[in-house]
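# Chain and residue survey
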Amino acid sequence: MGVMALAGGKGVASLRHHRSARGSLAAVSLLCLLLASAAPVALFPGGATASPHHKHPGKRDGLPPNFFGISPNEGLPSAAEFARMHRGGIRTYRVPLGWSAASPNPSSFNWQPFDTEVAGAAAAKLNVLPVLYSMPRWLGPSPLTLPVASPLQRAVWQIFLDHAVRRYGPHGRFWATHPNLPYEPIHAWQIWNEENATWYTEPVSVTDYARLLKISSAALRGADPKATVVTGGLYGRPQEIDGAISASEFLTRLYQVKGIRSAFDVVGLHPYAWDVNQMRDQIVEIRAIMKK
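Definitions and cut-offs
Residues numbered from 1 in each chain as written. Predicted model: local features only at pLDDT ≥ 70, side-chain atom pairs only at ≥ 80, totals over all residues. Heavy atoms only, no water. Phe/Tyr/Trp six-rings, centres within 6.5 Å; stacked < 30°, edge-to-face > 60°. Buried < 20%, exposed > 50% of the residue type's maximum accessible area, 1.4 Å probe, protein only. Core = buried A, V, L, I, M, F, W, Y, C linked by side-chain atoms within 4.5 Å. Helix = DSSP H or I, 4+ residues; strand = E, 2+ residues; numbered from the N terminus. Contact = heavy atoms within 4.5 Å. Axes fitted to C-alpha atoms, helices over the stretch in contact; angles between N-to-C directions. Parallel < 35°, antiparallel > 145°, perpendicular 65-115°, else oblique. Left-handed = near helix turned anticlockwise from the far one by under 90°. Nonpolar A, V, L, I, M, F, W, Y, C, P; charged D, E, K, R; others polar.

Right, let's get into the packing of aromatic side chains. The geometry of an aromatic ring pair is captured by two quantities: the separation of the ring centres and the angle between the planes. According to the stated counting rule, one finds 18 aromatic pairs in the structure shown. Each ring, one from Trp 175 and one from Tyr 183, has its centre 5.8 Å from the other, and the planes form 85°; the classification is edge-to-face. Judged by relative accessible area, Trp 175 falls into the buried class, the value being 6%. Residue Tyr 183 is classed as partly exposed on the basis of its relative accessible area of 42%. Both rings, one in Tyr 255 and one in Phe 264, keep their centres 5.9 Å apart while their planes meet at 45°; by these two values the pair is tilted. Note on Phe 264: relative accessible area 3%, which makes it buried. An aromatic cluster of three or more residues is present, and its members are Trp 99, Phe 109, Trp 111, Phe 114, Tyr 133, Trp 157, Phe 160, Tyr 168, Phe 174, Trp 175, Tyr 183 and Trp 192.

Put into C-alpha coordinates, the structure is as follows:
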(Lines give C-alpha, C1' and ligand atoms only; values in the text may rest on other atoms or scores of the structure.)
Protein backbone atom coordinates (compact mmCIF):
# COMPACT_ATOMS: atom_id res chain seq x y z
CA MET A 1 0.00 0.00 0.00
CA GLY A 2 1.21 3.54 -0.41
CA VAL A 3 0.81 7.22 0.19
CA MET A 4 -1.71 9.32 -1.64
CA ALA A 5 -0.55 12.93 -1.68
CA LEU A 6 -2.87 15.75 -2.64
CA ALA A 7 -0.94 18.77 -3.79
CA GLY A 8 -2.07 22.07 -5.17
CA GLY A 9 -1.12 25.70 -4.73
CA LYS A 10 -0.86 27.69 -1.52
CA GLY A 11 -2.84 26.57 1.49
CA VAL A 12 -3.57 23.18 0.02
CA ALA A 13 -4.58 21.74 3.35
CA SER A 14 -6.85 24.55 4.55
CA LEU A 15 -10.59 24.78 3.95
CA ARG A 16 -12.01 27.48 1.78
CA HIS A 17 -13.61 29.76 4.38
CA HIS A 18 -10.56 29.96 6.62
CA ARG A 19 -7.66 32.22 5.68
CA SER A 20 -4.66 32.21 7.97
CA ALA A 21 -0.97 32.98 8.11
CA ARG A 22 -0.29 29.36 7.22
CA GLY A 23 -0.95 30.09 3.55
CA SER A 24 2.02 32.43 3.35
CA LEU A 25 4.25 30.79 5.98
CA ALA A 26 4.17 27.31 4.57
CA ALA A 27 6.68 27.22 1.75
CA VAL A 28 5.67 23.63 1.08
CA SER A 29 2.27 22.28 2.05
CA LEU A 30 0.78 18.95 1.06
CA LEU A 31 -2.27 17.13 2.25
CA CYS A 32 -1.15 13.53 2.62
CA LEU A 33 -3.44 10.57 2.91
CA LEU A 34 -1.65 7.58 4.39
CA LEU A 35 -3.32 4.22 3.98
CA ALA A 36 -3.84 2.48 7.29
CA SER A 37 -1.71 -0.52 6.46
CA ALA A 38 1.24 -2.09 8.22
CA ALA A 39 3.02 -2.69 4.92
CA PRO A 40 6.23 -0.74 4.24
CA VAL A 41 5.75 2.32 2.07
CA ALA A 42 7.97 4.35 -0.21
CA LEU A 43 7.26 7.97 0.63
CA PHE A 44 9.54 9.72 -1.85
CA PRO A 45 9.80 9.83 -4.75
CA GLY A 46 7.40 7.07 -5.78
CA GLY A 47 5.49 4.17 -4.33
CA ALA A 48 2.01 2.81 -4.94
CA THR A 49 0.27 6.15 -4.97
CA ALA A 50 -2.86 5.95 -7.07
CA SER A 51 -6.35 6.41 -5.67
CA PRO A 52 -7.89 3.08 -4.61
CA HIS A 53 -10.80 3.83 -6.92
CA HIS A 54 -8.89 4.90 -10.04
CA LYS A 55 -6.21 3.21 -12.02
CA HIS A 56 -2.97 5.14 -12.07
CA PRO A 57 -3.21 7.36 -15.17
CA GLY A 58 0.44 6.82 -16.06
CA LYS A 59 3.21 9.28 -16.76
CA ARG A 60 2.11 12.86 -17.38
CA ASP A 61 4.11 15.89 -18.32
CA GLY A 62 4.63 18.39 -15.53
CA LEU A 63 3.54 16.20 -12.60
CA PRO A 64 5.49 13.80 -10.39
CA PRO A 65 4.33 10.16 -10.54
CA ASN A 66 2.82 10.33 -7.04
CA PHE A 67 0.63 13.38 -7.63
CA PHE A 68 -2.93 12.54 -6.63
CA GLY A 69 -5.31 15.47 -6.44
CA ILE A 70 -6.01 19.07 -5.55
CA SER A 71 -7.77 21.04 -2.82
CA PRO A 72 -8.66 24.50 -4.18
CA ASN A 73 -9.26 27.49 -1.92
CA GLU A 74 -10.56 30.18 -4.25
CA GLY A 75 -14.17 29.29 -4.97
CA LEU A 76 -15.85 26.93 -7.43
CA PRO A 77 -13.64 26.12 -10.44
CA SER A 78 -15.10 26.79 -13.86
CA ALA A 79 -15.78 23.99 -16.31
CA ALA A 80 -12.59 24.96 -18.14
CA GLU A 81 -10.60 24.78 -14.90
CA PHE A 82 -12.02 21.36 -14.03
CA ALA A 83 -11.11 20.17 -17.53
CA ARG A 84 -7.61 21.58 -17.16
CA MET A 85 -7.20 19.68 -13.88
CA HIS A 86 -8.03 16.43 -15.65
CA ARG A 87 -5.68 17.17 -18.55
CA GLY A 88 -2.96 17.83 -16.00
CA GLY A 89 -3.38 14.40 -14.45
CA ILE A 90 -5.40 15.34 -11.36
CA ARG A 91 -7.87 12.63 -10.40
CA THR A 92 -9.25 13.75 -7.03
CA TYR A 93 -10.87 17.03 -5.99
CA ARG A 94 -10.98 17.61 -2.20
CA VAL A 95 -13.71 19.99 -1.07
CA PRO A 96 -15.58 20.88 2.15
CA LEU A 97 -19.08 19.54 2.68
CA GLY A 98 -20.14 21.62 5.66
CA TRP A 99 -22.91 20.10 7.73
CA SER A 100 -24.00 23.56 8.90
CA ALA A 101 -24.35 24.70 5.25
CA ALA A 102 -26.10 21.54 4.09
CA SER A 103 -28.50 21.60 7.05
CA PRO A 104 -29.22 25.25 7.93
CA ASN A 105 -32.39 24.18 9.76
CA PRO A 106 -33.47 20.91 11.40
CA SER A 107 -36.23 20.14 8.91
CA SER A 108 -34.41 19.93 5.57
CA PHE A 109 -31.15 19.61 3.63
CA ASN A 110 -29.81 22.02 1.03
CA TRP A 111 -27.55 20.03 -1.30
CA GLN A 112 -27.59 22.46 -4.23
CA PRO A 113 -24.16 24.10 -3.67
CA PHE A 114 -22.45 20.72 -3.30
CA ASP A 115 -24.42 19.33 -6.25
CA THR A 116 -22.79 22.02 -8.37
CA GLU A 117 -19.30 21.06 -7.23
CA VAL A 118 -19.87 17.33 -7.70
CA ALA A 119 -21.37 17.94 -11.16
CA GLY A 120 -18.41 20.08 -12.22
CA ALA A 121 -15.91 17.52 -11.00
CA ALA A 122 -17.80 14.58 -12.53
CA ALA A 123 -18.04 16.31 -15.91
CA ALA A 124 -14.23 16.39 -15.93
CA LYS A 125 -14.05 12.77 -14.64
CA LEU A 126 -12.64 13.80 -11.27
CA ASN A 127 -13.47 11.93 -8.08
CA VAL A 128 -14.57 14.07 -5.11
CA LEU A 129 -13.17 13.72 -1.58
CA PRO A 130 -15.62 15.54 0.75
CA VAL A 131 -14.52 16.95 4.11
CA LEU A 132 -17.46 16.48 6.49
CA TYR A 133 -17.40 18.98 9.36
CA SER A 134 -19.08 22.00 11.05
CA MET A 135 -21.99 21.47 13.46
CA PRO A 136 -25.13 23.57 12.76
CA ARG A 137 -25.87 26.36 15.23
CA TRP A 138 -29.34 24.96 15.88
CA LEU A 139 -27.79 21.80 17.31
CA GLY A 140 -24.78 23.00 19.28
CA PRO A 141 -22.93 26.02 20.66
CA SER A 142 -20.26 26.23 17.95
CA PRO A 143 -19.53 24.80 14.49
CA LEU A 144 -16.10 23.83 15.85
CA THR A 145 -17.57 21.46 18.44
CA LEU A 146 -17.51 17.76 17.61
CA PRO A 147 -21.11 16.45 17.55
CA VAL A 148 -20.74 13.76 20.20
CA ALA A 149 -21.89 15.45 23.42
CA SER A 150 -25.46 14.14 23.34
CA PRO A 151 -27.46 11.30 21.79
CA LEU A 152 -29.26 13.88 19.65
CA GLN A 153 -26.05 15.32 18.22
CA ARG A 154 -24.70 11.87 17.43
CA ALA A 155 -27.94 10.71 15.83
CA VAL A 156 -28.38 13.79 13.65
CA TRP A 157 -24.72 13.66 12.51
CA GLN A 158 -25.24 10.05 11.45
CA ILE A 159 -28.40 11.04 9.57
CA PHE A 160 -26.41 13.71 7.73
CA LEU A 161 -23.74 11.18 6.72
CA ASP A 162 -26.33 8.61 5.67
CA HIS A 163 -28.08 11.16 3.45
CA ALA A 164 -24.77 12.28 1.92
CA VAL A 165 -23.77 8.73 0.98
CA ARG A 166 -27.20 7.88 -0.38
CA ARG A 167 -27.08 11.02 -2.50
CA TYR A 168 -23.50 10.99 -3.82
CA GLY A 169 -22.25 7.46 -3.17
CA PRO A 170 -22.69 4.39 -5.39
CA HIS A 171 -26.12 4.37 -7.06
CA GLY A 172 -26.96 7.59 -5.20
CA ARG A 173 -29.88 9.88 -5.94
CA PHE A 174 -27.62 12.53 -7.45
CA TRP A 175 -26.43 10.14 -10.15
CA ALA A 176 -29.96 8.94 -10.87
CA THR A 177 -31.06 12.54 -11.53
CA HIS A 178 -27.95 13.41 -13.58
CA PRO A 179 -27.75 10.53 -16.06
CA ASN A 180 -25.79 12.60 -18.59
CA LEU A 181 -22.83 13.07 -16.24
CA PRO A 182 -19.95 10.60 -16.09
CA TYR A 183 -20.66 8.25 -13.19
CA GLU A 184 -18.13 9.22 -10.48
CA PRO A 185 -19.70 8.13 -7.18
CA ILE A 186 -18.00 9.18 -3.96
CA HIS A 187 -16.33 6.30 -2.16
CA ALA A 188 -14.06 8.05 0.38
CA TRP A 189 -15.24 10.43 3.11
CA GLN A 190 -13.02 12.59 5.32
CA ILE A 191 -14.25 13.06 8.89
CA TRP A 192 -13.71 16.61 10.13
CA ASN A 193 -10.61 18.77 9.59
CA GLU A 194 -7.55 19.41 11.76
CA GLU A 195 -9.18 17.80 14.77
CA ASN A 196 -5.94 18.29 16.73
CA ALA A 197 -5.93 22.11 16.44
CA THR A 198 -8.40 24.70 17.68
CA TRP A 199 -8.84 26.52 14.36
CA TYR A 200 -11.34 23.85 13.31
CA THR A 201 -12.00 21.86 16.48
CA GLU A 202 -12.63 23.25 19.94
CA PRO A 203 -12.05 21.79 22.37
CA VAL A 204 -9.45 19.36 21.03
CA SER A 205 -10.17 15.89 22.41
CA VAL A 206 -8.79 12.54 21.30
CA THR A 207 -11.62 10.76 23.11
CA ASP A 208 -14.34 12.81 21.43
CA TYR A 209 -12.75 12.41 18.01
CA ALA A 210 -12.48 8.65 18.46
CA ARG A 211 -16.19 8.55 19.26
CA LEU A 212 -16.90 10.66 16.17
CA LEU A 213 -14.88 8.27 13.99
CA LYS A 214 -16.74 5.26 15.33
CA ILE A 215 -20.22 6.65 14.78
CA SER A 216 -19.20 8.08 11.40
CA SER A 217 -17.83 4.75 10.24
CA ALA A 218 -21.05 3.02 11.27
CA ALA A 219 -23.18 5.52 9.35
CA LEU A 220 -21.02 5.60 6.21
CA ARG A 221 -20.61 1.83 5.97
CA GLY A 222 -24.26 1.32 6.79
CA ALA A 223 -25.11 3.20 3.61
CA ASP A 224 -22.13 1.91 1.59
CA PRO A 225 -20.37 -1.18 2.99
CA LYS A 226 -17.33 -0.41 0.82
CA ALA A 227 -16.98 3.22 1.95
CA THR A 228 -13.45 4.41 2.75
CA VAL A 229 -13.21 6.39 6.00
CA VAL A 230 -10.48 9.04 6.11
CA THR A 231 -9.46 10.84 9.30
CA GLY A 232 -9.49 14.60 9.24
CA GLY A 233 -6.18 16.06 8.15
CA LEU A 234 -4.04 16.29 11.28
CA TYR A 235 -2.08 19.53 11.56
CA GLY A 236 1.47 18.21 11.73
CA ARG A 237 3.17 20.49 14.25
CA PRO A 238 0.83 23.22 15.54
CA GLN A 239 3.19 24.59 18.19
CA GLU A 240 1.84 28.13 17.94
CA ILE A 241 -1.80 27.19 18.64
CA ASP A 242 -3.04 27.15 22.25
CA GLY A 243 -4.87 23.94 23.10
CA ALA A 244 -3.53 22.04 20.10
CA ILE A 245 -1.89 18.60 20.14
CA SER A 246 0.81 17.56 17.67
CA ALA A 247 -0.26 15.13 14.98
CA SER A 248 2.10 12.44 16.26
CA GLU A 249 0.82 12.65 19.84
CA PHE A 250 -2.82 12.83 18.75
CA LEU A 251 -2.49 9.80 16.48
CA THR A 252 -0.59 7.81 19.10
CA ARG A 253 -3.34 8.44 21.63
CA LEU A 254 -6.03 7.72 19.05
CA TYR A 255 -4.60 4.27 18.36
CA GLN A 256 -4.82 3.54 22.09
CA VAL A 257 -8.64 3.79 21.98
CA LYS A 258 -10.14 0.32 22.04
CA GLY A 259 -11.66 -0.73 18.72
CA ILE A 260 -10.58 2.40 16.84
CA ARG A 261 -8.52 0.72 14.12
CA SER A 262 -11.62 -0.75 12.50
CA ALA A 263 -13.22 2.71 12.37
CA PHE A 264 -10.97 4.23 9.69
CA ASP A 265 -8.95 3.24 6.63
CA VAL A 266 -6.76 6.26 5.91
CA VAL A 267 -4.92 8.86 8.00
CA GLY A 268 -4.98 12.44 6.75
CA LEU A 269 -2.00 14.70 7.46
CA HIS A 270 -1.34 18.40 6.86
CA PRO A 271 2.48 18.60 7.07
CA TYR A 272 2.90 22.38 6.86
CA ALA A 273 6.60 23.09 6.51
CA TRP A 274 9.21 25.63 5.43
CA ASP A 275 10.88 23.12 3.14
CA VAL A 276 10.63 19.59 1.81
CA ASN A 277 12.89 18.12 4.48
CA GLN A 278 10.63 19.35 7.29
CA MET A 279 7.59 18.05 5.44
CA ARG A 280 9.21 14.66 4.84
CA ASP A 281 10.11 14.36 8.53
CA GLN A 282 6.47 14.78 9.52
CA ILE A 283 5.25 12.19 7.04
CA VAL A 284 7.88 9.65 8.10
CA GLU A 285 7.02 10.29 11.77
CA ILE A 286 3.30 9.67 11.24
CA ARG A 287 3.91 6.63 9.06
CA ALA A 288 6.15 5.12 11.75
CA ILE A 289 3.34 5.45 14.29
CA MET A 290 0.93 3.77 11.89
CA LYS A 291 3.32 0.89 11.20
CA LYS A 292 3.97 0.39 14.92
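To continue, consider the nonpolar core. In terms of nonpolar packing, the biggest core is built from 70 residues, with Trp 157 and Ile 191 touching the most fellow members. It is helix α7 (residues 206-223) that contributes the most residues to this core, nine residues altogether. Apart from residues lying up to four places away in sequence, Ile 191 is in contact with Leu 132, Trp 157, Leu 161, Tyr 209, Leu 212, Leu 213, Ser 216, Leu 220, Val 229, Val 230, Thr 231 and Gly 232. With six residues, the next largest nonpolar core counts Leu 33, Leu 129, Val 230 and Val 266 among its residues.

Let's shift gears to the packing of α7 against helix α8 (residues 247-255). Where α7 contacts α8, the axes come no closer than 10 Å and their chain directions differ by 60°. Relative to α8, α7 is oriented oblique. α8 is crossed by α7, and the crossing has right-handed handedness. The residues of α8 that touch α7, namely those facing Val 206, Tyr 209, Ala 210 and Leu 213, are Phe 250, Arg 253 and Leu 254. For the contact of α7 with α8, a count of residues per class yields six nonpolar, no polar and one charged.

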